[in-house]
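# Inside the fold
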Amino acid sequence: MDLLTNLALGFGVAFHPMNLVYCFVGVLLGTVVGVLPGLGPLATIAMLLPLTFGLEPTESLIMLAGIYYGSQYGGSTTAILVNLPGESASAVTTIDGYQMARKGRAGPALAAAAIGSFFAGTVATVLVAVTAKPLTAIALTFGPAEYFSLMVVGLISSIALASGSLVKALAMICLGLLVGLTGTDIYTGAPRFTYGQFELLDGIDFVAVAVGIYGVGEIVRNLESRSGAQALIAKITSLWPSRDDLRRMIGPSVRGTAIGSMLGVLPGGGALLSSFVAYNVEKKTSRNAAEFGHGAIEGVTAPEAANNAGAQTSFVPMLALGIPSNVVMALMIGAMIMQGIVPGPNVVVNNPELFWGLIASMWIGNAMLVVLNLPLIGLWVSLLRIPYWIMFPAIIAFCCIGVYSVSNSAFAVYTVTISGAIGYFLIKLDCEPAPFVLGFVLGPMLEEHLRRAMLISGGDPGIFVTRPISGGLLLVAAVLLVIVSRPTVARRREEVFVEDD
Amino acid sequence: MLINKKDGAAGLFFVAVGLLYGGIAWSTLPFGSALRMGPGYFPIVLSGILVVLGAVIFGRSFFSGPGMPFGIVPWRGLLMILLATVIFAAFIDDLGMIPGLFVTTLVATLARPQTTIGRALGASIGITAFCTLVFSFAVRLPIPVVGPVFDGLR
């Protein structure tokens, strides 16, 4: 049993005392981030990257991963208790979660979210362990044409995540690809789009761009609303769900986990899309459909299971192929490169302890999260009482320190300023940033594989269609594009994202 | 007569960026051929697509209806937040962690008009102390606690 030996290796690594500590720190921070509205996992991971410099690669990845899936747990707390999504993937949880809280059932709602998440986390961990290895075997046969087509699929499916107009999302992808090309051309050494700035020869710092758009931009958006009133926090009486509740949680947990696991693996998928789809599926199939929107426990369990499963399985393409399926994974790739590890199919061969240790730590982290989120719920509730006038200057300070230390240059902080300003106005113009950021990361890789593929084929673009895997992937991309552009789907996308704001 | 201002502005923005990047790539970077792509090939193709998409968005703005309002821009908040990051970038090396962060956070607190001076000072002092403890003493980032500007005072 190859898998068992590997998992044994993984748990051996993950149960190492220092790794347990960093796993705990990661999920703890993740919960904090998830609970606090206006601070997402992306900005946090970017801010905290300097904290991981002194760590071993395994320790740092375990911690960063913990922040990501931990934030999925924490986000539900705020969603249920104050009707605010602590982070975007919990947006749908507010619908039924807050209604349950208003009816005095905040405790069972929180329990449903945590138990659903734990179930999903356990299944997703096994899934990652089972699928990652065969996928890397496939990935090792990939040539430049396949990589190019795979990235096209990723970019196109990121549109499904963006709300609003399809053409704008496509334009944002192109913009991201273009800006991502900034720096020295790897083949000829020619500087591109550097505007004579010496610092831009190495390209624009991705961490700085991410912090600018998701940290600074988000704060300015929050400053738009003038309401300084403290949110009303629902009271928690008893945490225990009734036997009837437990029975009603089984189906949604399983369906949510299945949906989340599948959508998480898709490039462009991940936690956010998973939770929306799971909620809508549950609403359509449930016997208690009438209760949805008025405090149905299914409406809490399914999206929470889905977003946690999605957060975890989105590690699969990153670990197996070296391609980020979403923006957080793009940052994880940056963190790996900083640690001297090249993400891709060779990680599992060259760094098995990191690969399996990370997977095993996810399950341990999920177990820790249940303990953190249920008995310690009072602690997180008090965190919600921190007023925003303290929160946002602190976020600015963390962002500046984080970005400055990652690159050790003031230039990166100016990058935050500029991308924050541009990002804010683009969001105001209904241009979603996620496709831009994904394009930004994939730009150089996409060009490199395009050039290599064309060299191999002797300048014949037919290579992308005639190679079966590449052609199949491009077909998937084309079908996706047709699906998301159909008017009915477009309207449904709008409906789904209405709650997002 | 623009009908959808958001679409119009976004379209113009994409066209402008596409023309700018396409222009730079066209004039300074070799295009190459499909077989041996030069550094200008991919950027020029992308810029072309961006210009077309921008034009489509701009064109549609005449037909897509008024749409949602642009909403207010919190100019003071935006400027103060951006100014705070600029101050940090410009002065952190010279001022060091404690003074540099204090000024940065103080400017940031001013982004919210309702925050009183007392609260602003309190928040800035608290955040500076917290960050100095965490980043200078616990994580030991190589930013000086007090910068070289203050060397004369010792």
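Values in this document were obtained by computation on a predicted structure and should not be read as measured data. (Residues numbered from 1 in each chain as written. Chains lettered and ligands numbered in written order. Predicted model: local features only at pLDDT ≥ 70, side-chain atom pairs only at ≥ 80, totals over all residues.)

Quick look at the overall build of chain B now. Broken down by element type, chain B carries five helices and zero strands. The order of α-helices and β-strands along chain B, N terminus first, is α-α-α-α-α. Taken over the C-alpha trace, chain B has a radius of gyration of 24 Å; the compact-globule value for 154 residues is 15 Å, which it surpasses by more than 25%. By its C-alpha atoms, chain B is 60 × 45 × 25 Å across when sized along the principal axes. Across the 154 residues that make up chain B, the buried fraction comes to 44%. (Helix = DSSP H or I, 4+ residues; strand = E, 2+ residues; numbered from the N terminus. Rg over C-alpha atoms; globule rule 2.2 N^0.38 Å. Buried ≥ 20, exposed ≤ 12 C-beta atoms within 10 Å, placed from the backbone.)

Residue and element names in this part refer to chain A. Take Gly 256: it is sitting in helix H10 (residues 243-265). Residue Gly 256 is classed as buried on the basis of its 33 C-beta neighbours within 10 Å. Spatially, the C-alpha atoms of Gly 256 and Phe 355 are 26 Å apart, while their sequence positions differ by 99 residues. Gly 256 has contacts with Gly 116, Ala 120, Ala 278, Thr 301, Ala 302, Pro 303, Ala 305 and Ala 306, leaving out every residue within four places of it along the chain. (Contact = placed C-beta atoms within 7 Å.)

With that out of the way, let us pick up the interface of chain B and chain A. Counting residues at the interface gives 56 residues for chain B, matched by 53 residues for chain A. Elements with a minimum of two residues in the side of chain B that touches chain A: helix H1 (5-28), helix H2 (41-60), helix H3 (75-95), helix H4 (97-109) and helix H5 (117-138) of chain B. Tallying contributions element by element places H3 of chain B first for the side of chain B that touches chain A, with 12 residues. Along the lines of polarity and charge, the residues of the side of chain B that touches chain A split into 40 nonpolar, 12 polar and four charged. (Nonpolar A, V, L, I, M, F, W, Y, C, P; charged D, E, K, R; others polar.)

Our focus in this paragraph is the domain arrangement of chain B. We note that the domain assignment places domain 1 (5-60) and domain 2 (75-153) within chain B. Computed from C-alpha atoms alone, the centre-to-centre distance between domain 1 of chain B and domain 2 of chain B is 40 Å. (Domains from an automatic or database assignment.)

Attention now goes to unusual backbone geometry. All names here are of chain A. Of note in the backbone geometry, Tyr 195 takes a positive phi value of approximately 50 degrees without being a glycine. Relative to the assigned elements, Tyr 195 resides in the loop between strand E2 (191-192) and helix H9 (206-224). A residue is classified by how many C-beta atoms lie within 10 Å of it, and Tyr 195, with 8 of them, is exposed. Residue Asp 430 is not a glycine yet carries a positive backbone phi of 65 degrees. Among the structural elements, Asp 430 can be located in the loop between helix H19 (410-428) and helix H20 (433-457). A tally of 18 C-beta atoms within 10 Å means that Asp 430 is categorised as partly exposed.

Caution applies to low-pLDDT regions: their predicted coordinates should not be interpreted in detail. Per-residue confidence for chain B averages 88 on the pLDDT scale, and 95% of its residues sit at or above 70. In the predicted complex, the global pTM is 0.84; the interface-specific ipTM is 0.91. (pLDDT = per-residue confidence, 0-100.)

Below, the discussion takes up the nonpolar core. Grouped together as the largest cluster of nonpolar side chains are 223 residues, with contacts concentrated most on Ala 210, Val 211, Cys 399 and Val 403 of chain A together with Ile 81 of chain B. Counting residues per element, this core draws most heavily on helix H6 (residues 106-140) of chain A, at 18 residues. The residue makeup of this core includes at least three contributed by each of domain 1 (5-60) and domain 2 (75-153) of chain B. Among all residues touching Val 211 of chain A, those that are not within four sequence positions of it are Ala 43, Ala 46, Met 47, Val 216, Cys 399, Gly 402, Val 403 and Val 416 of chain A. (Core = buried A, V, L, I, M, F, W, Y, C linked by C-beta atoms within 7 Å.)

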